[in-house]
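Survey of secondary and tertiary structure
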Amino acid sequence: MDVLKITPRGYCHGVVEAIRAAKQTAKAHPGEKIRMLGYLVHNTHVTDELQQNGIDLVDSDNRLEGLDQIESGTVIFTAHGVSPAVKDKAAARGLNLVDATCSDVVVTHDLVKDLAERGYDVVYVGRRGHPEPEGVIGEAPGKVHLVQDPEDVDALDIKNEKIAVTCQTTLSIWDTAAMIKRVREKYPQTEAYNEICRATQDRQEAAVEAAKECDIVIVVGSERSSNSKRLVQVVRELAHKPAYLVDTAKDIKLEWLQGKQRVGVTSGASTPTQLTRQVIEYLEAL
Ligand code: SF4
């Protein structure tokens, strides 16, 4: 196969910093109980490695409930961020807190908090069940309206004259623009704050552009990873090329490649480089 290595791909600054913070914590507190409250970043291989470094996983989608499983020691908040209620509860339990929230997510928290304090209702475009919206919405409960699909926008009933719209950092650039447009059509006075992070934007734009020169695109990343799944989505929807998500080279099905000459390879922002390298080597050897 002719393999096109799409750049940029792989680790973003938020993932690098979160992993560094977690490993430094384990090194600084040998023998102590250290837990990550959810997957530090959404990649199973990274999480496995951290567990081998002595950092246990509390696998709970609800961060507040997850804290009930931690009696003592250190808790690491993941790159996706947590709500103030989670921070308060962890502090009240006397836990040692390590906050590995990505700085780009912190910006969205601060934005939503500021808007709510200034009297705005905030429409937040995000994915239900993902920890990032849970944390951001927790900055101003009752003032933030989560919308995932166009129908959610249609169902909004906001009486406030002051309305703002913002979004999760790892969504599709194009879907989010359409959602923001829909909100502004319904409420023309809406102020828009697009918070898709630079890493997500760069990877999506590069993948769509490169896909035009490929017959198929393989995205290396875990099923939990929002930004990895969005890479598959944007290649399919914008470049109209087949695209598949694989965790490792073992997930590649030869039938996908039949009759194809050129395969593009990219990876999510939390995918370790060696996994992507293995996929590239596998494809080049075909
Ligand atoms: Fe931060 Fe974006 Fe990376 Fe998420 S994908 S950790 S928001 S830089």
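What comes next concerns the included structure.

Conventions we followed
Residues numbered from 1 in each chain as written. Predicted model: local features only at pLDDT ≥ 70, side-chain atom pairs only at ≥ 80, totals over all residues. Heavy atoms only, no water. Pairing = 2+ DSSP bridges. Helix = DSSP H or I, 4+ residues; strand = E, 2+ residues; numbered from the N terminus. Axes fitted to C-alpha atoms, helices over the stretch in contact; angles between N-to-C directions. Phe/Tyr/Trp six-rings, centres within 6.5 Å; stacked < 30°, edge-to-face > 60°. Buried < 20%, exposed > 50% of the residue type's maximum accessible area, 1.4 Å probe, protein only. Lys NZ or Arg CZ within 6 Å of the ring centre and 35° of its normal. Core = buried A, V, L, I, M, F, W, Y, C linked by side-chain atoms within 4.5 Å. Contact = heavy atoms within 4.5 Å.

Topic: the sheet that holds strand S12 (residues 262–267)
- Strand order in the open sheet formed by 4 strands is S1-S12-S10-S11, and the pairing between neighbours is parallel. Where the open sheet ends on each side, the last strands, each with one partner, are strand S1 (2–5) and strand S11 (243–246). For this sheet the average axis-to-axis angle between neighbouring strands, irrespective of direction, equals 25 degrees.
- Sheet topology places strand S10 (residues 216–220) next to S11; 4 bridges connect them, and they run parallel. Paired with Val220 across the bridge in S11 is Val246.

Side note on the packing of aromatic side chains
- Counted according to the given criterion, the structure contains 1 aromatic pair.
- Consider the rings of Tyr244 and Trp256, whose centres lie 3.9 Å apart with planes at 5 degrees: the pair is stacked. Linking Tyr244 in strand S11 with Trp256 in helix H11 (residues 254–257), this pair joins segments that are 12 residues apart in sequence.
- Given the relative accessible area of 14%, Trp256 is considered buried.
- The ring of Tyr244 is capped by Arg236, whose NZ or CZ atom sits 5.9 Å from the centre of that ring.

So, the nonpolar core
- Ranked by size, the top nonpolar core spans 20 residues in total, and within it Leu40, Val41, Leu50, Ile55 and Ile76 carry the most contacts.
- Where this core is concerned, the elements lending two or more residues are helix H1 (13–28), strand S2 (34–37) and helix H2 (44–52).
- At 5 residues, the largest contribution of residues to this core is made by H1.
- In this structure, Leu50 is in contact with Ala22, Lys23, Met36, Leu40 and Ile55, ignoring residues within four places of it in sequence.
- By size, the runner-up hydrophobic cluster in this structure holds 16 residues, among which are Leu4, Ile6, Ala206 and Cys214.

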